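Report on the structure
So the chains spell out like this:
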Amino acid sequence: MKSEFLAELPSSLAVKDFGSPRGHGIVAETNLPAGRKVLSKHPTVMVPNSDARNTTCARCLQTVSASGPGIAPATVESVFPCEDCGVTFYCSKSCEIIDRKRFHQEECQILQKLTPRIPPTLVVLVMRLLILEGTHADDLFGLKSPLLSHLDKKFETEEYASIALMAKGAKEFSGTKLPLEGVIEIVGKTIINAVTVVNPLFDSVGLMIDGLIAMFNHSCNPNAFFIFEKGKITVRTGRKIAQGEEICVSYIDNTLALPNRLKTLSQRYFFICSCESCLPPTGLDTPDYRNDFVCAKCGSALHPYRSQDVLSPGFYNNYKSCPNCGIVFGNQPRTIEAIDNRISALKLHDSSPIMTTADADKLLAKLALVRDLKVVPLHRSPFTTSIQRLLTFHVSQESLAIALKLIGIEYFYQDPVLWPALEMQAVRLAHMARFSIVLLLVMLDPTSPQSQELASDLPTIDLGVCLWGLLDVMDRLIPRVYGENSQFQAYLKEQKSRFLSFIGDDYQGRFTSQTLEQLRWNAEMDKIRKFSITWWENL
Ligand SMILES: C[S@@+](CC[C@H](N)C(=O)[O-])C[C@H]1O[C@@H](n2cnc3c(N)ncnc32)[C@H](O)[C@@H]1O
């Protein structure tokens, strides 16, 4: 496979053709240890989310604050608008000059005409690709290469109609000379190959596309992950990878149970996953806890969903009775299929992407109904995904009391089951960071109604010890996950000094001179666990 963008592939990696339907992927050319940076580059094209353009630099996607004041790590002090269009913002003159040269010169005129109706993020991304297409003969981002677009599968579907519509818009706005079919192909490739850019707390800040990065295939049990800092995307190994092994990342929320993952991947990326977590069992598998249910009678875990043909109606048949207490689940209502149907009928994620307090309350009430089925463990979807959504909402609203309750569920009942090893889990770090920030906000403003509510519910807890322990554990983990001198580490240090200056000189020694064991960190944290689970059980 020859393409300009492949020139940037380091010698420790190679492109391999796996044939149809998987296509190309990246394999290790040497043994790689866990935590190794395997690739780091500025993506070919990035765009900030449309609703965050005025807080995000269009060139490097660093933000003033991504979601909610005081919560998300602000990676730049300020951004300023382009003087001509006023729509695109930059963090520095150098970002503006580079961006203007590559895209914005042309894009600026388009945006001036379109203001105030700025197209959706994906269309802006495609317009930027079209600008590059018009100015570079080389195949900079793999558009002329065999990158998959899956247009054949979408033809005559609703998705195809919406792709054609987006392509029409992008063609018209950009004034490209490419025929419509060519633009449709680019939109198709963009949908399959674009990557969501997130900050260290996993809030989405924009979209990017890059030919080389697009070569990484998906696994529901990935051995590598992406991180984004200072305008660059970096691929790091999450565990040891042997020479010849494929390097895969996860495209989706991989806390989902198998049927939900398959559905998401086929709807969003148009493929049936062939990773080890989705393939038929080998007989040597360890249980995949994401697929668990619980026997309502005896409470023991059931590990279903390892079947020859996961998409057939017979898929659920191997779980008709509890292997522990022997109770026969019968035809209804407790077969796994029936449970899944009841959960789907609740339409948990029917609400619009913008959540309101009423939506959040409704979602929580529906989750209580799922809890009452007594067969879905807390670490299984839909709890994982829904609790994430609720947390993002409540943290952005600074509803700290409910946020802390939800965080307790996530931290004590979901993460340790789904990601038992703390090391190399960017997602666990993100959750710990969010946990620590919520605690810090409660402590910084003890007179707020939210803090008062927590103080009356948790009168005997030492929040300072809980917070200090989290910061301490993260301090040790961040360099392994993000590498040395990361922005995330600097952000964490800032939080540590905020905390230390808040408690004052007289008390600092208590924290800095004692181990977490001496501080009885686990015992204090356990109070948050009990507080959360009691709230959840009585919801
Ligand atoms: C971002 S591209 C990855 C590069 C792609 N293999 C290619 O040759 O262009 C995503 C596409 O690769 C394929 N793919 C990625 N991961 C896969 C997996 N685990 N199982 C099957 N196909 C996969 C799917 O066709 C998917 O839509």
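Residues numbered from 1 in each chain as written. Predicted model: local features only at pLDDT ≥ 70, side-chain atom pairs only at ≥ 80, totals over all residues.

To continue, consider the sheet that holds strand β10 (residues 224-229). Strand order in the open sheet formed by three strands is β3-β11-β10, and the pairing between neighbours is antiparallel. Taken across any chain shown, the strands that pair with only one partner, and hence form the sheet edges, are β3 (37-41) and β10. On average, adjacent strands in this sheet sit at an angle of 20 degrees to one another, irrespective of strand direction. Pairing between β3 and strand β11 (residues 232-237): four bridges, direction antiparallel. If you follow L39 over to β11, its bridge partner there is V235. (Pairing = 2+ DSSP bridges. Helix = DSSP H or I, 4+ residues; strand = E, 2+ residues; numbered from the N terminus. Axes fitted to C-alpha atoms, helices over the stretch in contact; angles between N-to-C directions.)

Attention now goes to the site of the ligand. Around the ligand there are 21 residues in total, and G23, H24, N217, H218 and F271 lie nearest to it. Of all elements in the fold, only β2 (24-28), α5 (180-193) and β9 (217-218) reach the threshold of two or more residues within the shell around the ligand. Partitioning the shell around the ligand into residue classes produces 11 nonpolar, nine polar and one charged. Both domains that furnish three or more residues to the shell around the ligand are identified here as domain 1 (1-43 + 223-251) and domain 2 (48-209). (Near = placed C-beta within 6 Å. Nonpolar A, V, L, I, M, F, W, Y, C, P; charged D, E, K, R; others polar. Domains from an automatic or database assignment.)

Where helix α4 (residues 158-174) meets α5, the closest approach of the two axes is 9 Å, and the angle between their N-to-C directions is 115 degrees. Judged by the sense of rotation from one axis to the other, the crossing of α4 with α5 is right-handed. Contacts from I163, A164, M166, A167, K168, A170 and K171 in α4 reach L180, V183, I184, V187, G188 and I191 in α5. Considering only residue class, the contact of α4 with α5 consists of 10 nonpolar, one polar and two charged. (Left-handed = near helix turned anticlockwise from the far one by under 90°. Contact = placed C-beta atoms within 7 Å.)

Here the focus is the sheet that holds strand β7 (residues 195-198). Within the open sheet, the three strands sit side by side as β4-β8-β7. Their pairing is antiparallel. Edge positions in the sheet fall to β4 (45-48) and β7, since each has one partner strand and no second. Here the average twist between neighbouring strands, direction ignored, is 30 degrees. With four bridges connecting them, β7 and strand β8 (residues 204-209) associate as antiparallel partners. Counted as the bridge partner of T196 is L207 from β8.

Moving on, we come to the environment of H303. By secondary structure assignment, the location of H303 is in the loop between β14 (301-302) and α7 (336-345). Sequence separation of H303 and P287 is 16 residues, and the distance between their C-alpha atoms is 6.2 Å. Those residues within four positions of H303 in sequence are excluded, and the remaining contacts are P287, D288, N291 and D292.

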